[in-house]
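# Notes for the structure review
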Amino acid sequence: MPVPPDVPGGPVAEEEPVESFKVGETVVRREVHSSGRVWNEHALRVVADTSEALVAACPPGAETRWPALYVKARTDGDRSVRTEAFDAMAAGTWELVDAVWQDTELLQWKPPAAWFSVNAFYTGAGLRNWYVNFEHPTTRTGDGFETFDLTVDLVVDPDLTGWQWKDEDEYAHVRRLGIVTDTEHQAVDAARDQALAMLTERTGPFSDTAAWTAWRWNPAWPTPRLPRPGVAGERDAPTGG
């Protein structure tokens, strides 16, 4: 299935063929801890699915589930609560609560074998920024895919003229807690180099910034929902890069 001209694919190929998701289909991105427990869930719609990358998106209002402490950190505007969330992760004591994606439209490019995804965030004014999220390679599931966020991120200006690392303090904390192992740390270091090379060489999504800048959520698509009934009292998800 070719990538639509408004959403370019990327250079990383899948090692084994898998059945493609259909354009417009709802998929669930799950972060799964090494214990096997789900850390969060996020409903997305497929924009394109090829051997190079799965491209998925959502608007504000998409259903998610997050650790209660993460949601509290956003609600209270207290970033220190996120540290408590990582402590709970290390202890295996977190609880998930229902939430919804806030503030931005999201377009995500995820090559299956890469230790990162490239995300673009959009507001009413257009492309706000790019966001390279360092995470596990994907494992396909019947209704989506699994990965695991490794905390550190790269925030890139919309015109690619500048960038900065984000959450390196939290990355150091999860390293101390043993959440990110030495092997994963080595993979993150290699992925940092790969992401910076893509940015410098203008490859992957960065090869056609005009197409990505022009993208917007298709209003004909219903807001993606998780594959279960919603519950009362939904919260705001910690979103937006």
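Residues numbered from 1 in each chain as written. Predicted model: local features only at pLDDT ≥ 70, side-chain atom pairs only at ≥ 80, totals over all residues. Heavy atoms only, no water.

Below, the discussion takes up the packing of helix 1 (residues 68-76) against helix 2 (residues 80-91). Look at helix 1 against helix 2: their axes get within 8 Å of each other, and the N-to-C directions meet at 180°. In terms of orientation, helix 1 lies roughly antiparallel with respect to helix 2. Where helix 1 abuts helix 2, its residues L69, Y70, K72 and A73 lie against V81, R82, E84, A85, F86 and A88. Grouping the constituent residues of the contact of helix 1 with helix 2 by class yields seven nonpolar, no polar and three charged. (Axes fitted to C-alpha atoms, helices over the stretch in contact; angles between N-to-C directions. Helix = DSSP H or I, 4+ residues; strand = E, 2+ residues; numbered from the N terminus. Parallel < 35°, antiparallel > 145°, perpendicular 65-115°, else oblique. Contact = heavy atoms within 4.5 Å. Nonpolar A, V, L, I, M, F, W, Y, C, P; charged D, E, K, R; others polar.)

On to unusual backbone geometry, then. Of note, L160 is a non-glycine position whose phi angle comes to about 70°, a positive value. Its location among the elements puts L160 in the loop between strand 11 (149-156) and strand 12 (163-166). Taking the relative accessible area as the measure of exposure, L160 reaches 7% and is therefore buried. The phi torsion at D167 lies on the positive side, around 65°, for a residue other than glycine. (Buried < 20%, exposed > 50% of the residue type's maximum accessible area, 1.4 Å probe, protein only.)

This part covers the side chain of N40. Position of N40 among the secondary structure elements: in strand 2 (residues 38-49). Judged by relative accessible area, which is 1%, N40 ranks as buried. Leave out the neighbours within four places in its chain, and N40 touches R29, R30, E31, R65, W66 and P67.

Below, the discussion takes up the packing of aromatic side chains. Between two aromatic rings, the relevant description is the distance of the centres plus the angle of the planes. Counted under the stated rule, the structure contains 13 aromatic pairs. Between the aromatic rings of W39 and Y70, the centroid separation amounts to 5.8 Å while the plane-to-plane angle is 80°, which identifies the pairing as edge-to-face. Residue W39 is found in strand 2, and its partner Y70 is found in helix 1; the two are separated by 31 residues along the sequence. Owing to a relative accessible area of 3%, W39 belongs among the buried residues under this scheme. You can call Y70 buried: its relative accessible area is 9%. Pairing Y70 with F86 gives two aromatic rings, centres 5.9 Å apart and planes at 85°, and the pair type is edge-to-face. Highlighted residues: Y70 in helix 1 and F86 in helix 2, separated in sequence by 16 residues. These aromatic residues form a ring-pair network of at least three members: W39, W66, Y70, F86 and W94. Above the ring of W94, the side-chain terminus of R37 is found at 4.0 Å from the ring centroid. Seen from the ring of Y171, R192 lies directly overhead, with NZ or CZ sitting 5.8 Å from the centre. (Phe/Tyr/Trp six-rings, centres within 6.5 Å; stacked < 30°, edge-to-face > 60°. Lys NZ or Arg CZ within 6 Å of the ring centre and 35° of its normal.)

Attention shifts here to the pattern of salt bridges. Applying the stated criterion to the full structure yields 20 salt bridges. The salt bridge partner of D98 is R65, with a shortest N-O separation of 3.8 Å. Of this pair, D98 sits in strand 5 (residues 96-100) while R65 sits in strand 4 (residues 63-67); the two residues are 33 residues apart in sequence, bridging distant segments of the chain. A salt bridge links D169 to R79; the nearest nitrogen and oxygen atoms lie 3.2 Å apart. You can see D169 sitting in helix 3 (residues 168-177) and its partner R79 sitting in the loop between helix 1 and helix 2, a full 90 residues away along the chain. Overall, R79 belongs to the partly exposed group, its relative accessible area being 40%. A cluster of three or more residues bridged by salt bridges with shared partners is formed by R79, R82, K166, D167, D169 and E170. (Salt bridge = Lys/Arg side-chain N within 4 Å of Asp/Glu carboxyl O.)

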